[in-house]
Amino acid sequence: MKSITTTLFFVLITFCSYAQIELTQTVKGIVLDKESQSPLIGVNVFLLDSATGTTTDIDGSYRIEKVALGRQTIQFSYIGYETVTIPNILVNSAKEYVLEIEMVEDLNELSEVVVTAASGNQGASNDMATLSARSITMEEVNRFSGTFGDVARMAQNYAGVSGASDERNDIIVRGNSPSSVLWRLEGVDIPSPNHWSTLGSTGGPISMLNTNNLRNSDFFSSAFPAEYGNATGAVFDLKLRNGNVDKYEFLGQIAFNGFEAGIEGPLNIGQKASFMANYRYSTLGVINAIGFDIGTGAAVPQYQDLTFKINIPTEKAGRFSFWGLGGISDIQFLANSDGNNLFSEDDENLRSAATTGMLGMSHVYFFDENTSSNFRMSYTATESITEIEEILEEISQSFEDTFLSNQQQRKFGINWTLNKKLNAKNRVKTGFIFDNYDIQVRDSILLNNNEWFVNSDFEGTTALYQAFAQWQHKFNSKLTLNAGLHAVYFGLNDSKGLEPRLGLSYKAMPKHQFGLAYGRHSQVQPLPIYFNKDKEATPEENLMNEQLDFIRSDHFVASWDMFITSTIHTKVEAYYQSLFDLAVDPNDGDFSMINFGANFGFPDRVGLVNEGVGSNVGLEFTLEQSLNKGFYYLATASIFDSKYEGTDGIERNTFFNSNYVLNLLAGKEWMLNENFALTLDARFTYAGGRRYTPIDLDASIDAGREIRDQDQIFEDQYKPYIRPDIKIGFRHNAKKFTQTFSVDLQNFINRQNEFEKFYNATRESIRTTFQRGFFPDVRYQILF
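Residues numbered from 1 in each chain as written. Predicted model: local features only at pLDDT ≥ 70, side-chain atom pairs only at ≥ 80, totals over all residues. Heavy atoms only, no water.

### Focus: the packing of aromatic side chains
Part 1 of the argument: Tallying each qualifying case throughout the model produces 29 aromatic pairs.
Part 2 of the argument: Between tryptophan 416 and phenylalanine 432, the ring centres sit 6.3 Å apart and the planes meet at 35°, which makes this aromatic pair tilted. Taken together, the residues span a long stretch of sequence, with tryptophan 416 in strand β25 (residues 398-421) and phenylalanine 432 in strand β26 (residues 426-446) at a distance of 16 residues.
Part 3 of the argument: For tryptophan 416, a relative accessible area of 27% gives the class partly exposed.
Part 4 of the argument: Ring centres of tyrosine 660 and tyrosine 686 lie 5.9 Å apart, and the angle between their planes is 25°; this geometry places the pair in the stacked category. Here tyrosine 660 is found in strand β37 (residues 660-673), whereas its partner tyrosine 686 is found in strand β38 (residues 676-687), with 26 residues between them in sequence.
Part 5 of the argument: Members of the aromatic cluster, each reached through a chain of ring pairs, are Tyr158, Trp183, Phe219 and Phe236.
Part 6 of the argument: Its guanidinium or amino end placed over the ring of tyrosine 632, arginine 143 lies 4.4 Å from that ring's centre, counting from NZ or CZ.
Part 7 of the argument: Positioned above the aromatic ring of phenylalanine 775 is the side chain of arginine 772, whose terminal nitrogen or guanidinium carbon lies 5.4 Å from the ring centre. (Phe/Tyr/Trp six-rings, centres within 6.5 Å; stacked < 30°, edge-to-face > 60°. Helix = DSSP H or I, 4+ residues; strand = E, 2+ residues; numbered from the N terminus. Buried < 20%, exposed > 50% of the residue type's maximum accessible area, 1.4 Å probe, protein only. Lys NZ or Arg CZ within 6 Å of the ring centre and 35° of its normal.)

Listed below in structure tokens is the structure:
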């Protein structure tokens, strides 16, 4: 801790000693009509702090040169449209600032209504979301403490969202399992974008998504619009940014989650074509490779990932884009009789590896200024491998395989959307999604009789078909209706569903807005569940879960929004979710699939039926000040109750029913001179502990193995989760580069948050494992 502080102080003094240099940069972008997505010509673009401006050209593009560095406020005005003001955009010396703006047509013709986007993030960019939606800005993800530059960990600051554990980025949204989350990238539904991800999971230890490549994106926590399906809990709708069309720019970064390098710039393909690419390699892997002992024994995480996007606009044929995201990860926990290996059992080797790849293309075409289509094709592939071998002879160190798992999924997808702005009051959007799955699942375990049992062995194809239509109608400037219908069909077992969505928002006064929304949502079970086998069943009786229907959920939400000032915003939401058709076990009354999804795998139960029910009810509060005069804060509080019933009809807590979450976050930015800034961000989380079933110690001692009290399923809670983080950093602008440095001291009080209790047969006692203690995340970035 002392050495980190000393280093930061030395760097601070060094850069403060630089002579002040008057530097400027270019601010540019494009202005679109929000409903039609067509460019707006002649929009007035004005920088309020420097009193300079311009107007958009025939392509809706604008460009302002010689802009002073630091925070700037930019305003867009156009007759017949609501004026948009964006404060606190961050202009640096290394990269041109690119800002895409969407403007809404004013229902009161020939007037200008001023809309100040105080933080640019309170509402989603998808305006067909009535409530329970928020924009995620990449600048905030990098600024806030405790995020590791991960959008999923960033979402844990929002009301109704909590983390499953420090070691993974799975999120629990309003009491729902992490497996209920949908990831969408560039309009394509994708598998878990995380290293060491497994089939059916949505989280992982380290994200493959890189905030240096993403632009502002959306997060939905309930009653999402009809264009989103196959999810019952939440949706991440993420977008990759385009590269700079005018000049080449470069990035280098060193942080806990990797060494990385990036490049972007123009392509010599028509006008305004560009590319962007970024590569990242495991920091711990690099340090270990050059000979340093990182203190993890043989268990060194090796991973790397690559992201790219190519954007090619044409004059008449529309806009084409090609993108990709891929990653590979591997780690081995080796048996070590001297006890120096921190992560493995003494008598076994464990290897975990995963490979994920995604490729996509899209074609946007405008039939006229109010009608456009977007056709997309994609191919994704995932493979996860787990191997366990136990020691046979300690002296000779000979081993025998005891568990082998290989799960693969390849998906070819096509989707198409048609967007039509009928007039200032009406807009419709319709489309379809077709995903063809090629699945291979093989899991084998060595039984006590030294025979192998094949728990899962499936290789085949199936398809998921989805279609939607949604309509937005503005009765007037105060009252807006969003209505839609989503249809889904799963070819494996002919499951089908029809899902209505409805939302109504009302601006009662300039500072107050009320909302009501309802949505039915269906989701395919985690794919590995369909292919489990029973040790006692005949081949004809397997696959025993293949006929499972969708998980289904009805969402009811009410909200109240208020802008206390132009920069301070408060929001209250109340919700009720009714879950039904949950997969449960007729031979085990307390079992339900609702309690799984926060780990690397799923249970190998067979004979499951869709007879379970559940519910989530809660109240959420948000108070937020966007960055204003260098200061900002975000406070969120959630209280909720998550219950389920198995086949025995008894109502119980779900595994994810922690009951409450409180997040407090605040930060300050000081401009020490024109080219140097110091930043401070602090975060505090106080949440209910994880649920668990208590261990019956006497029964465990008698049996010589762990026995849980089945009369108290998920009745006990671990101690409250408490974690404070603090992040200190600086930003320096030089003539041809910008550099930032930060130290994020996560859990700086080294709080021992309980993770799991287990029975130790050797000591005949109950032991406790803990989540991550104090962890410093040091990050350095240079842009040039």
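Still to come is the rest of the account.
### Notes on the pattern of salt bridges
Part 1 of the argument: The tally for this structure, following the rule as stated, stands at 46 salt bridges.
Part 2 of the argument: A salt bridge links glutamate 264 to lysine 95; the nearest nitrogen and oxygen atoms lie 2.6 Å apart. Placement of the pair is glutamate 264 in strand β19 (residues 258-266) and lysine 95 in the loop between β6 (83-91) and β7 (97-103), with a sequence separation of 169 residues.
Part 3 of the argument: One salt bridge in this structure joins arginine 442 and glutamate 459, with 3.1 Å as the shortest N-O distance. Here the residue arginine 442 occupies a position in strand β26, and glutamate 459 occupies one in strand β27 (residues 452-474), the gap between them amounting to 17 residues.
Part 4 of the argument: Exposure remark for glutamate 459: the relative accessible area of 53% places this residue in the exposed category. (Salt bridge = Lys/Arg side-chain N within 4 Å of Asp/Glu carboxyl O.)

### Here we look at the sheet that holds strand β13 (residues 188-190)
Part 1 of the argument: Spatially, the five strands line up as an open sheet ordered β9-β16-β17-β12-β13, and their pairing is mixed. Strands at the two margins of the open sheet, each flanked by one partner only, are β9 (133-136) and β13. Strand-to-strand twist across the sheet, computed as the mean angle between neighbouring axes with direction ignored, equals 25°.
Part 2 of the argument: As paired strands, strand β12 (residues 181-185) and strand β17 (residues 234-240) are joined by five bridges and run parallel to one another. Residue valine 181 lies in a different strand from β17, and its bridge partner there is alanine 234. (Pairing = 2+ DSSP bridges. Axes fitted to C-alpha atoms, helices over the stretch in contact; angles between N-to-C directions.)

### A short note on the nonpolar core
Part 1 of the argument: In terms of nonpolar packing, the biggest core is built from 32 residues, with Trp183, Phe219 and Phe236 touching the most fellow members.
Part 2 of the argument: The residues contacting phenylalanine 219, other than those within four sequence positions of it, are Ser132, Ala133, Arg134, Ile136, Ala155, Tyr158, Val161, Ile171, Val173, Ala234, Val235 and Phe236. (Core = buried A, V, L, I, M, F, W, Y, C linked by side-chain atoms within 4.5 Å. Contact = heavy atoms within 4.5 Å.)

### Here we look at the sheet that holds β7
Part 1 of the argument: Taking strand neighbours across the sheet as the criterion, the three strands line up as β4-β1-β7 in an open arrangement whose pairing is mixed. Taken across any chain shown, the strands that pair with only one partner, and hence form the sheet edges, are β4 (61-68) and β7. Across the sheet, the axes of successive neighbouring strands diverge by a mean angle of 25°, strand direction being ignored.
Part 2 of the argument: Inspection of the sheet shows strand β1 (residues 24-33) paired to β4 by six bridges, in the antiparallel sense. Looking across to β4, one finds that valine 27 is bridged to isoleucine 64.

### Focus on the environment of arginine 319
Part 1 of the argument: Assignment of secondary structure puts arginine 319 in strand β22 (residues 319-333).
Part 2 of the argument: Apart from residues lying up to four places away in sequence, arginine 319 is in contact with Asn311, Ile312, Pro313, Ser362, His363 and Val364.

### Overview of the pairing of strand β16 (residues 214-220)
Part 1 of the argument: Of all seven residues making up β16, five are buried, and the element is well covered by its neighbours.
Part 2 of the argument: The sheet contact formed by β9 and β16 spans four bridges and is antiparallel. Bridged to alanine 133 within β16 is phenylalanine 220.
Part 3 of the argument: Across five bridges, β16 lies against β17 in antiparallel orientation. In the sheet register, leucine 214 faces β17, and the bridge partner there is leucine 240.

### Considerations on unusual backbone geometry
Part 1 of the argument: Backbone geometry places phenylalanine 148, a non-glycine residue, at a positive phi of 55°.
Part 2 of the argument: Relative accessible area serves as the criterion here: at 6%, phenylalanine 148 is assigned to the buried category.
Part 3 of the argument: Its identity as a non-glycine residue notwithstanding, lysine 629 has a phi of 55°, on the positive side.
Part 4 of the argument: Along the chain, lysine 629 turns up in the loop between β34 (609-628) and β35 (631-645).
Part 5 of the argument: By relative accessible area, which is 74% here, lysine 629 ends up exposed.

### Observations regarding the environment of valine 84
Part 1 of the argument: Relative to the helices and strands, valine 84 is located in strand β6.
Part 2 of the argument: Distance from valine 84 to isoleucine 101, taken between C-alpha atoms, is 8.5 Å for residues 17 residues apart in sequence.

### Details of the confidence of the model for the chain
Part 1 of the argument: Residues at a pLDDT of 70 or more form 90% of the chain, whose mean pLDDT is 89.
Part 2 of the argument: Within the model, pLDDT remains below 50 along residues 110-114, and this stretch shows 16 contacts once partners closer than five positions in the same chain are excluded. (pLDDT = per-residue confidence, 0-100.)

### Quick look at the side chain of glutamine 440
Part 1 of the argument: With respect to the element layout, glutamine 440 can be found in strand β26.
Part 2 of the argument: Among the residues examined, glutamine 440 registers a relative accessible area of 17% and is labelled buried.
Part 3 of the argument: There is a polar contact of 3.4 Å between the side chain of glutamine 440 and the side chain of arginine 442.
Part 4 of the argument: Once residues within four sequence positions are removed from consideration, glutamine 440 is found in contact with Asn406, Gln407, Gln408, Phe458 and Glu459. (Polar contact = N/O pair within 3.5 Å; in protein donor to acceptor, adjacent residues only side chain to side chain.)

### Comments concerning empty space enclosed by the protein
Part 1 of the argument: In total, this model carries eleven cavities of 30 Å³ or more according to the counting rule given.
Part 2 of the argument: Here the largest cavity is characterised by a volume of approximately 530 Å³.
Part 3 of the argument: Taken together, 33 residues line the largest cavity, and the ones lying closest to its centre are Ile190, Pro191, Gly200, Ser201 and Gln409.
Part 4 of the argument: When its residues are assigned to classes, the lining of the largest cavity shows 13 nonpolar, 16 polar and four charged.
Part 5 of the argument: Put simply, the second largest cavity is a space of about 400 Å³.
Part 6 of the argument: As for the second largest cavity, its lining consists of 31 residues, and the residues nearest its centre are Ser162, Gly163, Ala164, Ser165 and Tyr721.
Part 7 of the argument: Of all elements in the fold, only β10 (161-163), β37, β38 and β41 (721-733) reach the threshold of two or more residues within the lining of the second largest cavity.
Part 8 of the argument: Split by residue class, the lining of the second largest cavity holds ten nonpolar, twelve polar and nine charged. (1 Å grid on protein atoms, 1.4 Å probe; cavity = no way out; pocket = protein on both sides within 12 Å on 5 of 7 lines; lining within 4 Å. Points joined across faces, edges and corners; volume = space filled by probe spheres on them. Nonpolar A, V, L, I, M, F, W, Y, C, P; charged D, E, K, R; others polar.)

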